[in-house]
Amino acid sequence: MTHHITAMLNAHPGGIGTEDKEKLAACIAACFECAQTCTACADSCLSEDMVADLARCIRTDLDCADICAVTGAVLTRQTGDSSAIVRSMLEACRTACAACAAECEKHAQMHEHCRICAEACRRCEAACTTLLESLS
């Protein structure tokens, strides 16, 4: 997936600014993967017999999915001098992923979809951290 993301970043006529292309592409990919995984986890939770016990997990999944999708979109656009916005988005995404991973980890022993979701959230959290640290 990062191949096409990197190719599109390279094809942008205005360049990508100062971000490390590989870290940027990895973070974009992690954001979109996490958004999909969290949405699927929420849907899976809704199909469980104990759905009422998973209400917090569902809400956290959906919040994380939305935040990751928006972060991926913002990172995809070449925002020029708006590094404060990019940093804020990365911080919010990292926070949402940490919260969602922690919630899903509570259910991971019982529900495979929660285990998978927690892993995707931790990967996205790490990708956001790595990109944040690389920004000048």
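As the structure is a prediction and not an experimental result, all values here were calculated from the model.

Q: Can you walk me through the state of the cysteines in this structure?
A: Among covalent bonds in proteins, the disulfide is the one between the sulfur atoms of two cysteines. Across all of its chains, the model carries zero disulfides by this definition. Lacking any disulfide linkage, Cys34 is separated from the closest cysteine sulfur, that of Cys121, by 3.7 Å. The thiol of Cys100 is unpaired, and the distance to the nearest cysteine sulfur, on Cys121, comes to 3.7 Å. Accessibility expressed as a relative area gives 0% for Cys100, which makes it buried.

Q: I tried to follow the packing of helix α3 (residues 55-76) against helix α4 (residues 83-107) on my own but got confused; where do I start?
A: Packed helices, taken two at a time, are described by the angle their axes make and the gap between the axes. At a closest axis distance of 9 Å, the pairing of α3 and α4 adopts a crossing angle of 150°. The angle between α3 and α4 places the two elements in the roughly antiparallel class. Between α3 and α4 the crossing geometry is left-handed. Class assignment for the residues of the contact of α3 with α4 results in 18 nonpolar, three polar and three charged.

How each quantity is defined
Residues numbered from 1 in each chain as written. Predicted model: local features only at pLDDT ≥ 70, side-chain atom pairs only at ≥ 80, totals over all residues. Heavy atoms only, no water. Disulfide = S-S within 2.5 Å. Buried < 20%, exposed > 50% of the residue type's maximum accessible area, 1.4 Å probe, protein only. Axes fitted to C-alpha atoms, helices over the stretch in contact; angles between N-to-C directions. Helix = DSSP H or I, 4+ residues; strand = E, 2+ residues; numbered from the N terminus. Parallel < 35°, antiparallel > 145°, perpendicular 65-115°, else oblique. Left-handed = near helix turned anticlockwise from the far one by under 90°. Nonpolar A, V, L, I, M, F, W, Y, C, P; charged D, E, K, R; others polar.

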